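# Summary of structural features
For reference, the chains in residue letters:
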Amino acid sequence: MKSTHALIVFLICIIFTSCEKKQAINIAGSTSVLPIISIAAEEFRKNNPELNIIVNEGGSGVGVNQLGEGKIDIGMVSRDITQEEISTYPNVTFNPISIGKDAVVPVISSEIYNAGITSLTLEEIAKIYRGEVRNWSELGGPDKEILVIDKEASRGTRHVFMEIVMGDKEAIAEGADLVLGSNNEEQTAIVQSDAAIGMLSNAWLNDNVKGLNIKMLDGSIIESSLKNIIDNKFPITRDLLIVTNGKPAGAVKDFIEYLLSSEGQKIVEEAGYVRIN
Amino acid sequence: MLGSTSKIGKYYVYGSTLISAFIVFLIFTILIISSWDAITTVGLDLLKFQWNPATGEFGIIPMLFGTLVVTFIALLIAVPLGIYTAIFTSEILPSKYRFIVKSLLELLAGIPSIIFGLIGIAFFSIWVQNIFDLQSGRTIFTAGILLSIMILPTIITLTDDAFHNIPDKYRETAKGLGLYKFEIIKEILLPIAKPDLKGAILLAFGRALGETMAVMLVIGSIDRIPSPIYNWLSPGQTITSKLGREIAETSFGSVHFSAMIFMGLLLFIIVLILTILSQNSLKSNRRLYE
Amino acid sequence: MAEKALKPNLSVVGKTQNEIIEIKKFQVWINENHILDNIELKIPKNEITCIIGPSGSGKSTLIRSINRINDEVSGINTQGEICFNGLSINEKDVDVAQLRSKIGMVFQKPCIFPKSIKENVLFGIQHLKKLSKLEKLQIAEENLKAVSLWKEVAHRLNDKAISLSIGQQQRLCIARTLAIKPEVILLDEPTSSLDPVSTRAIEDMMVKLKEEYTIIFVTHNIQQAKRIADNLVFICDGKLIEQGSAAKILSCPTDPQTKAYLRDEYCDC
Amino acid sequence: MNRKLKNNLFYTSVGVAVLVCALILFFLFGIIIWNGLPAISLDFLTNSSSDFGATGGIVYQIFGSILLIVFAALICLPIALGTAIYKSEYLKNETANKLINTLIYSLNGIPSVIFGIFGLIFFVNLLNMGISWFVGSIILSMMILPTVTLSTYQSINSIPTVYRESSSALGLNKWQVIVQVLLPQGFSGAITGLLIGVARAIGETAPIMFIATAFSGVKLPSSFLEPVSTLPTHILALAQQATNPAALQNAWGSSLVLVILVIIFSISALFIRLRHQTISKR
């Protein structure tokens, strides 16, 4: 019977803590925006300890949908909001705010990069994703079949990438071998393979995951460096957005102001993205 | 006073039973209502091979195919392995060790599926990739292997119980006639335990069909039937992995959402049929926690 | 595969021609319980040897040791040896399945396999050799006749054996054992769950069968032992108290314990 | 001879199967412990996570998981008790009994992801409760309901009829018999069932990942309608970064903690069952 008593005491404690209503901001959406927000939220809470900021991932589509359904206060979106999405939620006024800039970079396994393939034209990348090119040797690389990694349809990274590379943000990639979700998951798959191509936000590049340089039609080669993104030279760039329903107010407004402040923008830079101003 | 507590008590137990019974109906109804949109607007086109919400194509065949193949692989590995192991635990192992084996099996059954997923990504997919020299180890086959391990405890425990429930007189009589152990097992024990084995396999079948997390992480998630169709060393998609990855991305009330729920409804119905069949097969009072 | 063939060793047979089974200093423990203590026993060929004694005295354990069916009882431990045709059966490398096809056994309660009557009769023998359809029918007929069951079941050989009465089932079990042509048949209180008529039928059958087989029959029914036994073995509390020809023991038992047991049993009747 | 050979072959294949199973078992527990132990420290167990979970600890994930199952157990218990009593003491109709059995087994068979989407449609969207841990608890309570009901039913049903008859003979009415004679016994069955159910529920990911959990930033929830972080969803997030050594290490650490929690619940269930059995044998 003692354990029952302990249980009851425990429950009463929980219910009491529950009664003390705290403020909370709910945020969900793109994994590309997530690093900025989750670090910013941790920092912001240091000065506002009574405020809860709950961050969830799931992709840009999740950000838009949950904002539309009123489940969250801020959606993280790494692409434009589509017409269809706007018409699905007629009662919601989507109010996108750019907090940073990012490049979606075609990435390849380091083995291929080191074997000599360091740049491709957009058309060559498109051919890979359409399934017309199946082997790296066709592009002058080693004789290895290409592991084409696609992303889930509603991911912001994919929308931006497909828009520029294939000309349609919802294009079907016939050549895809894997479909994965978050940037983390895609990065892992590329590291585990030695002949993969995928798409990642600039912030996820490292020694094992090499960003491809883009060969432009005039023959010039553009690196996916921060400088090129700032200068708008790199072809596949996008704004990182947070979206609210109507004008933000209260704690949400404070948090967004913090993100746009120089402190907040420093987090954007540290996360590997480009500040907006 | 006494009468009224008795009455309240009666209402309470009736009420609880109604709630318990109502849950299954509620889930079923909710799934039907939510998938109704897809059934009416997409209709037979649901049975097509293309899934592309952007263009309004909602063919669920690739997911259905993946589900069945993954489950088939899992059963193909787990059923013989499980039955042989159960023969060992019930017919060969001295019964004083039985408790230990049973406890170990319960521990194995207790490993959450997400941890199987983690092990699948960190080990199995890499092994499959290296052994078969593949581009990626995230394949239908990998998911099948992982699933087979997950349903193994179910098959072993239920088969072991089935053998254990057979009275010793059959074994002794057959021994007295000069039969070898494998002849006793093959000709006497297996036929007697057959209904229970059938139940165990059906139950494991249902479990495997519904397993989500581990499969979702290792299957590669591509909505396509492999070509050629028997090339199971290529990525695929199951109903559960599709639901796990895509349901949160769809907006509530859209056809896309409805088509996803339709797949869930299909899975629900298949598993329900298997559960009821297995319940009829398993004679012994089945323990739910195994 | 090194294994001992269970064929009679001629030199040994010469000495003990009349004794098919010899039990030497045999002891059995189950966990801490001393079930059998120092049993010394010789079983003559082609006779009926009845083992009698109060329940729990170790009769069953003894008879079940003769074809090593006790092997897998948990916690069992044996010492000493049992010789069959002059060869020890307790060695590790003895093929027990082969041994048991030479020493058949019928249990207290009839155990029918969920198969047809014919399949039940043939169950043991068809593993020992390949049989044609005709042979199968012959064997079934021959052995069912031997247990006087043929008339009752000839027209329904393919029916489920479970449809027979308990008495018929027990006779079927004996037919099944006869079919494998063992040299020795062990019967562990085969009539204890049967009605008097079936019991008589089985007793009569035993007397007929002893021309071909050696029969070891465990019973706690003195009357029954009196009716069929050539030899009697009295076991009490794990010890072998007395053995010898049935006529001698029943008329003038030497041991006081045997006397008492036989007297008590008379009183019961 | 041929038969003997077959028999040996059979023993060999059984041996191989057992060896494979044993290897699987040791491999699984081996890697969970081997990889998990280095990650676990007092800091890991008492700090909150940061940086995608790759650094920091898992204290709020542990709290969230426990919160979910404690409330799931509380919601489940009264309904399971009531159903078990009804099934054992009131229901005399064979057909109805069969129907209820079928429903209970069906509920038990429903795949966990279906519970997840059901919760998403019904509680999150239709009842508009949002993503909240309480919804997660309700869903988990539905999942463990069959286990708890049957476990309770078995222990109530195993009470000999003599007890019921002799207490009725003392003038107790049906409800008094239930409360004073049957419930004390049924309660231990219910607790066993709850522990077994909870051992299963705490590891579930699919039913709660759409409806009850958040990725980061969650500390203690301040109301019933907020999400929490849980161990399984934390492992899910970390498993996707399987090539980041820090994240992977934390994933293994979380896995070990989760497995230990599961084992604690299963073993407690086992002990209660054993103790109960020895008592009823006397």
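Use the structure listed above.
Residues numbered from 1 in each chain as written. Chains lettered and ligands numbered in written order. Predicted model: local features only at pLDDT ≥ 70, side-chain atom pairs only at ≥ 80, totals over all residues. Heavy atoms only, no water.

Tallying secondary structure elements over chain A gives 11 helices and 12 strands in all. In chain A, buried positions account for 57% of the 277 residues. A sequence separation of at least 24 residues applies to 72% of the contacts in chain A between residues at least 6 apart. Carbon and sulfur atoms form 51% of the exposed surface of chain A, whose accessible area is close to 11,300 Å². Once the 25 positive and 38 negative side-chain charges of chain A are each reduced to a mean point, those two points are 5 Å apart. (Helix = DSSP H or I, 4+ residues; strand = E, 2+ residues; numbered from the N terminus. Buried < 20%, exposed > 50% of the residue type's maximum accessible area, 1.4 Å probe, protein only. Contact = heavy atoms within 4.5 Å. Areas by Shrake-Rupley, 256 points an atom, 1.4 Å probe, with all protein chains shown as cover. Lys, Arg positive; Asp, Glu negative; His and termini not counted. Charge placed at Lys NZ, Arg CZ, Asp CG, Glu CD.)

Residues and elements named next belong to chain C. Of all 5 residues in strand β3 (residues 48-52), 5 are buried, a share of seventy percent or more. Burial along β3 is two-sided: Ile48, Cys50 and Ile52 and Thr49 and Ile51, pointing in opposite directions, are all buried. When β3 meets strand β8 (residues 214-218), the two strands line up parallel, connected through 4 bridges. Note on β8: the bridge partner recorded for Ile48 is Ile215. One ladder, built from 4 bridges, connects β3 with strand β9 (residues 231-236); its direction is parallel. (Pairing = 2+ DSSP bridges.)

Moving on to the packing of helix α4 (residues 94-109) of chain D against helix α6 (residues 133-157) of chain D. All names here are of chain D. With their axes 8 Å apart at the nearest point, α4 and α6 run at an angle of 135 degrees to one another. As judged from the angle between their axes, α4 and α6 are oblique. Seen along the crossing, α4 lies across α6 with a hand that is left-handed. Facing α4, whose interface residues are Ile104, Tyr105, Leu107 and Asn108, α6 presents Met142, Leu145, Pro146, Thr147, Thr149 and Leu150. (Axes fitted to C-alpha atoms, helices over the stretch in contact; angles between N-to-C directions. Parallel < 35°, antiparallel > 145°, perpendicular 65-115°, else oblique. Left-handed = near helix turned anticlockwise from the far one by under 90°.)

Here the focus is a nonpolar patch on the surface. Together, B:Tyr97, B:Phe99, B:Ile100, B:Leu104 and D:Leu274 line one region of the surface with nonpolar side chains, adding up to about 440 Å² of accessible area. Looking at the nonpolar patch element by element, the count peaks at 3 residues for helix α3 (residues 98-110) of chain B. Counting through the fold element by element, B:Leu104 comes out in helix α3. (Patch = residues over 30% accessible without salt bridge, like charges linked within 9 Å, V, L, I, M, F, W, Y side chains within 5 Å. Salt bridge = Lys/Arg side-chain N within 4 Å of Asp/Glu carboxyl O.)

Bringing the packing of aromatic side chains into the picture now. Counting across every chain of the model gives 33 aromatic pairs over all chains. A ring pair is formed by D:Phe71 and D:Phe224, whose centres lie 6.1 Å apart and whose planes are at 80 degrees; its orientation type is edge-to-face. Residue D:Phe71 is found in helix α3 (residues 59-90), and its partner D:Phe224 is found in the loop between α8 (174-201) and α9 (231-239); the two are separated by 153 residues along the sequence. With relative accessibility at 8%, the residue D:Phe71 sits in the buried group. On the basis of an interplanar angle of 85 degrees and a centroid distance of 5.7 Å, the ring pair of D:Trp133 and D:Phe134 is categorised as edge-to-face. The exposure class of D:Trp133 is buried, given its relative accessible area of 1%. One aromatic cluster is present, built from ring pairs that chain together B:Phe123, B:Phe124, B:Trp127, D:Phe27 and D:Trp252. Positioned over the ring face of B:Tyr170 is B:Lys169, at 5.3 Å from the centre of the ring. Seen from the ring of D:Tyr153, D:Lys87 lies directly overhead, with NZ or CZ sitting 4.1 Å from the centre. (Phe/Tyr/Trp six-rings, centres within 6.5 Å; stacked < 30°, edge-to-face > 60°. Lys NZ or Arg CZ within 6 Å of the ring centre and 35° of its normal.)

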